[in-house]
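# Coordinate inspection notes
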Amino acid sequence: MLRLASSTEPAWAARALGSLEELLIDHAHCEKKAAGTALRLLFSYPHHDFLQQPLARLAREELAHFEEVLAALRVRGLRLRPQRPAPYAGRLRERVRRSEPGRLADLLLCSALIEARSCERFGLLARAAAEPGLASLYAGLLEAEARHHGVYLDLASEALPREHVRARLAELALHEAQVLSQAPELARLHA
Ligand SMILES: [Fe+2]
């Protein structure tokens, strides 16, 4: 179950697919950033053994997804290029606490929410995509994002007592929904 405080309206997917090049390029950048986020946690918290193996695996999976999206661009005659990112992740992390262990728990919970939102939206895209290759790309990634959501929640529960994690997740989920509702009109996974 995804712990999101809002649902994306299904019409979002048709709009996003209408700007497929922008959407795929954003998606590639998102997969690369997800790998980077996991790696940054490994560098920032080498003393937390519980993070190391799960996040190393997760970073590898995100990079494999990055390669999948690069291939999806290539078969359509498109290429990765720099792109203005959605402000979503930056704004989401504005609420991350400064002191530990709250900081680590919040970083993990923000990643859990990003994975949940990606999962929700891949589901909508898989249903709306007319092209079978595209529908199967999104359907394949959806399962991994749901699993990553769970991995980040489990890790947060090792950083803080479970009841604190539950309460903090509810707060951050409300913030995530608000950030998304104020997002600019861009063809992005998180806009
Ligand atoms: Fe992921």
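Preceding this paragraph is the structure being described.
About the criteria used
Residues numbered from 1 in each chain as written. Predicted model: local features only at pLDDT ≥ 70, side-chain atom pairs only at ≥ 80, totals over all residues. Heavy atoms only, no water. Helix = DSSP H or I, 4+ residues; strand = E, 2+ residues; numbered from the N terminus. Rg over C-alpha atoms; globule rule 2.2 N^0.38 Å. Buried < 20%, exposed > 50% of the residue type's maximum accessible area, 1.4 Å probe, protein only. Contact = heavy atoms within 4.5 Å. Lys, Arg positive; Asp, Glu negative; His and termini not counted. Charge placed at Lys NZ, Arg CZ, Asp CG, Glu CD. Donors = N, O, S within 2.8 Å, 3.2 Å for Na, K, Ca; no water. Core = buried A, V, L, I, M, F, W, Y, C linked by side-chain atoms within 4.5 Å. Phe/Tyr/Trp six-rings, centres within 6.5 Å; stacked < 30°, edge-to-face > 60°. Lys NZ or Arg CZ within 6 Å of the ring centre and 35° of its normal. Polar contact = N/O pair within 3.5 Å; in protein donor to acceptor, adjacent residues only side chain to side chain.

### Remarks on the overall build of the chain
- Helix and strand content of the chain: 7 helices and 0 strands.
- Along its sequence from the N terminus, the chain presents helices and strands in the succession α-α-α-α-α-α-α.
- Scaling as 2.2 N^0.38, a compact globule of 191 residues should have a C-alpha radius of gyration of about 16 Å, and the chain matches this with 16 Å.
- For the chain, the spread of C-alpha atoms along the three principal axes comes to 45 × 30 × 30 Å.
- Taking all 191 residues of the chain together, 49% fall into the buried category.
- Considering only intrachain contacts with a sequence separation of at least 6, the fraction spanning at least 24 residues in the chain is 81%.
- Side-chain charges in the chain split into 26 positive and 24 negative, and the spacing between the mean points of these groups amounts to 3 Å.

### Details of the coordination of the iron ion
- Of the protein atoms, only Glu 62 (OE), Glu 115 (OE), Glu 115 (OE), Glu 145 (OE) and His 148 (ND1) coordinate the iron ion, at distances of 2.1 to 2.7 Å.
- Read from N- to C-terminus, the donor residues coordinating the iron ion fall into the pattern E-x52-E-x29-E-x2-H. Here His 148 lies in helix α6 (residues 132-159) and Glu 62 lies in helix α3 (residues 49-75), a separation of 86 residues in the sequence.

### A closer look at the environment of Val 179
- Its location among the elements puts Val 179 in helix α7 (residues 162-181).
- Taking the relative accessible area as the measure of exposure, Val 179 reaches 4% and is therefore buried.
- A C-alpha to C-alpha distance of 22 Å links Val 179 and His 164, two positions 15 residues apart in sequence.

### Examining the nonpolar core
- Formed by 34 residues in total, the largest nonpolar core has its most connected members in Leu 41, Leu 55, Leu 108 and Tyr 152.
- For this core, the element with the most residues is helix α5 (residues 102-128), which contributes 9 residues.
- When neighbours within four sequence positions are excluded, Tyr 152 is seen to be in contact with Ala 38, Leu 41, Leu 55, Leu 58, Leu 108, Ser 111, Ala 112 and Glu 115.
- Among the nonpolar cores identified, the runner-up in size contains 24 residues, and Ala 16, Leu 23, Ala 72 and Ala 126 belong to it.

### What about the packing of aromatic side chains?
- One pass over the structure, following the stated rule, counts 1 aromatic pair.
- When the ring of Phe 122 is compared with that of Tyr 138, the centres are 5.8 Å apart and the planes differ by 20°; the resulting orientation is stacked. Taken together, the residues Phe 122 in helix α5 and Tyr 138 in helix α6 connect sequence positions 16 residues apart. Like Tyr 138, Phe 122 is buried.
- We note Arg 121 situated over the ring of Trp 12; from NZ or CZ to the ring centre the distance is 4.4 Å.

### Regarding the side chain of Ser 118
- Among the secondary structure elements, Ser 118 is positioned in helix α5.
- In terms of polar contacts, Ser 118 uses its side chain to reach the backbone carbonyl oxygen of Ile 114, at 2.9 Å.

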